[in-house]
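Examining the three-dimensional arrangement
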Amino acid sequence: MESVGVLKAAYGAFAGVVTSLSDEESWLPSGCTGWAVRDLVFHCLADAQRGLVALHTPAAGPADRDAATYWASWGPGTVGAANGRRYTRVGASMFLEFE
């Protein structure tokens, strides 16, 4: 399956749910502690963008991380996790309207 097909399959149902939400609803809590719906949507968008960049960026050598070690810097109580939460909240808050 092509990259576009994978993204459509992965994010199609997600988009179907969030596109019906109002701006007010986007500020409601999500199932992720401390994250509003808007934060979670922004986070997922950033993940999709990172994935596309990673899939289409040539690397000079072998991978230096795997699926487990990639997340080590983002563990609970780390600076990486705190920075990630702040980045997500600030980025998600920049849009005046959720639509």
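Up top you'll find the structure we're talking about.
Heads up: these notes are all about the structure in this document.

So, how was this worked out
- Residues numbered from 1 in each chain as written.
- Predicted model: local features only at pLDDT ≥ 70, side-chain atom pairs only at ≥ 80, totals over all residues.
- Heavy atoms only, no water.
- Patch = residues over 30% accessible without salt bridge, like charges linked within 9 Å, V, L, I, M, F, W, Y side chains within 5 Å.
- Areas by Shrake-Rupley, 256 points an atom, 1.4 Å probe, with all protein chains shown as cover.
- Salt bridge = Lys/Arg side-chain N within 4 Å of Asp/Glu carboxyl O.
- Helix = DSSP H or I, 4+ residues; strand = E, 2+ residues; numbered from the N terminus.
- Buried < 20%, exposed > 50% of the residue type's maximum accessible area, 1.4 Å probe, protein only.
- Expected span 1.5 Å × (residues − 1).
- Arc of directions from axis to C-beta.
- Contact = heavy atoms within 4.5 Å.
- Phe/Tyr/Trp six-rings, centres within 6.5 Å; stacked < 30°, edge-to-face > 60°.
- Axes fitted to C-alpha atoms, helices over the stretch in contact; angles between N-to-C directions.
- Parallel < 35°, antiparallel > 145°, perpendicular 65-115°, else oblique.
- Nonpolar A, V, L, I, M, F, W, Y, C, P; charged D, E, K, R; others polar.

Take a nonpolar patch on the surface next. Together, Tyr70, Trp71 and Trp74 make up a nonpolar patch on the protein surface, roughly 340 Å² of accessible area in all. Looking at the secondary structure, you find tyrosine 70 in the loop between helix H2 (37–55) and helix H3 (79–93). Tyrosine 70 sits in the partly exposed class, given a relative accessible area of 35%.

What follows is about H3. Between its terminal C-alpha atoms H3 stretches 21 Å, which fits the 21 Å expected from 15 residues at 1.5 Å a residue. Among all positions in H3, only Gly80, Ala81, Gly84, Thr88, Gly91 and Ala92 are buried. One face of H3 carries all of its buried residues, which in axial projection span an arc of 105°. Across from the buried face of H3, at angles greater than 90 degrees, the exposed residues are Val79 and Arg86. Looking at the buried residues of H3, the elements they touch are H2.

Another point: the environment of alanine 54. Residue placement: alanine 54 occurs in helix H2. A residue is classified by how much of its surface remains accessible, and alanine 54, at 56% relative accessible area, is exposed. Each C-alpha atom of the pair alanine 54 and asparagine 83 lies 21 Å from the other, and the pair is 29 residues apart in sequence.

This part takes up the packing of aromatic side chains. In the structure shown here, the tally under the stated rule is three aromatic pairs. An angle of 50° between the planes, with centres 5.9 Å apart, marks the rings of phenylalanine 42 and tyrosine 87 as tilted. Of the two residues, phenylalanine 42 is situated in helix H2 and tyrosine 87 in helix H3; the sequence distance between them amounts to 45 residues. Assessed through its relative accessible area of 14%, phenylalanine 42 is described here as buried. Geometrically, the ring pair formed by phenylalanine 42 and phenylalanine 95 is tilted, given 6.4 Å between the ring centres and 50° between the ring planes. Taken as a pair, phenylalanine 42 in helix H2 and phenylalanine 95 in the segment after H3 lie far apart in primary sequence, 53 residues in all. On the basis of relative accessibility, which here comes to 48%, the residue phenylalanine 95 falls in the partly exposed class.

Let us look at the side chain of arginine 38. The topology assignment puts arginine 38 in helix H2. Judged by relative accessible area, which is 4%, arginine 38 ranks as buried. Residues contacting arginine 38, with those up to four places away along its chain left out, are Asp23, Ser26, Trp27, Ala92, Ser93, Phe95, Glu97 and Phe98.

Our next topic: the packing of H2 against H3. Here H2 crosses H3 at 105°, and the two axes come no closer than 9 Å. Considering their axes alone, H2 and H3 lie roughly perpendicular with respect to each other. Across the interface between the two elements, Arg38, Asp39, Phe42 and His43 of H2 pack against Tyr87, Thr88, Arg89, Gly91, Ala92 and Ser93 of H3. Grouping the amino acids of the contact of H2 with H3 by side-chain chemistry returns three nonpolar, four polar and three charged.

Read these as layout, nothing more, since geometry by itself doesn't imply function.
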